[in-house]
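Commentary on secondary and tertiary structure
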Amino acid sequence: MTLKLHWGVAVAVFYTAFALSTVGFVVFAMSRDVELVSEDYYARALDHDWHMQAQANGDALGRAVTATVADGHVLVRMPPDMASLVRGTATLYRAADAAADRTIALVPAADGTVMIPTTGLASGRWRVKLVWSADGRDYYAERDIRLP
């Protein structure tokens with residue numbers, strides 16, 4: 001003997017399964033922690049024009065600004081001719097954990113290098129965000145690094 005289902009029962013089962021999966025996804029999504037990338041997200045959006053000009057100035061320096069990892073330090077190299085003029089910050093930005101971000105004063109040595117210790121930093125991908133002023137111009141550069 002074969003069991004026949006009315007087509008209305010099949011439609012009801014389909015819509016019930018769809019509704020349950022939608023509710024399940026909503027519960028899953030609501031249980032996730034949602035963080036903005038930074039606390040002052042909206043205020044930072046207003047500084048866009050300044051940022052774009054500073055980034056263009058940083059891009060004009062090309063490969064003169066680098067960030068590498070060596071011997072337990074992040075080694076940032078700036079152009080030696082502007083080393084004595086640089087005033088700014090270096091931010092170690094971790095997209096996966098906003099609480100791990102670290103900001104350090106950018107004070108290069110005479111050869112244009114800055115050594116930032118990596119003690120206490122989690123391994124993985126980091127972005128070094130450099131913001132500085134030199135000779136009346138603002139600069140911005142980002143470099144990606146990977147800590148072991």
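Heads up: these notes are all about the structure in this document. (Residues numbered from 1 in each chain as written. Predicted model: local features only at pLDDT ≥ 70, side-chain atom pairs only at ≥ 80, totals over all residues. Heavy atoms only, no water.)

Our next topic: unusual backbone geometry. Of note, Asp71 is a non-glycine position whose phi angle comes to about 50°, a positive value. The residue Asp71 is located in the loop between strand E1 (66-70) and strand E2 (73-77) in this model. Phi at Asp135 is positive, roughly 60°, even though this residue is not glycine. Structurally, the position occupied by Asp135 is in the loop between strand E6 (124-134) and strand E7 (137-147). (Helix = DSSP H or I, 4+ residues; strand = E, 2+ residues; numbered from the N terminus.)

Applying the stated criterion across every chain yields a total of three salt bridges. For the salt bridge of Arg125 with Asp144, the shortest nitrogen-to-oxygen distance reads 3.1 Å. Note that Arg125 is positioned in strand E6 and Asp144 in strand E7, a separation of 19 residues in sequence. One salt bridge in this structure joins Glu142 and Arg127, with 3.6 Å as the shortest N-O distance. With Glu142 in strand E7 and Arg127 in strand E6, the pair connects residues that are 15 residues apart, well separated along the chain. Look at Glu142 and you get partly exposed, because its relative accessible area is 31%. (Salt bridge = Lys/Arg side-chain N within 4 Å of Asp/Glu carboxyl O. Buried < 20%, exposed > 50% of the residue type's maximum accessible area, 1.4 Å probe, protein only.)

Looking now at the packing of aromatic side chains. Following the criterion strictly, the structure yields three aromatic pairs and no others. Where Phe14 meets Tyr15, the ring centres are 5.5 Å apart and the plane angle is 70°; that geometry is what we call edge-to-face. For Phe14, a relative accessible area of 53% gives the class exposed. The ring of Tyr93 has Lys129 sitting right over it, with the charged end atom 4.0 Å from the ring centre. (Phe/Tyr/Trp six-rings, centres within 6.5 Å; stacked < 30°, edge-to-face > 60°. Lys NZ or Arg CZ within 6 Å of the ring centre and 35° of its normal.)

Function cannot be read off these values alone, since they describe shape.
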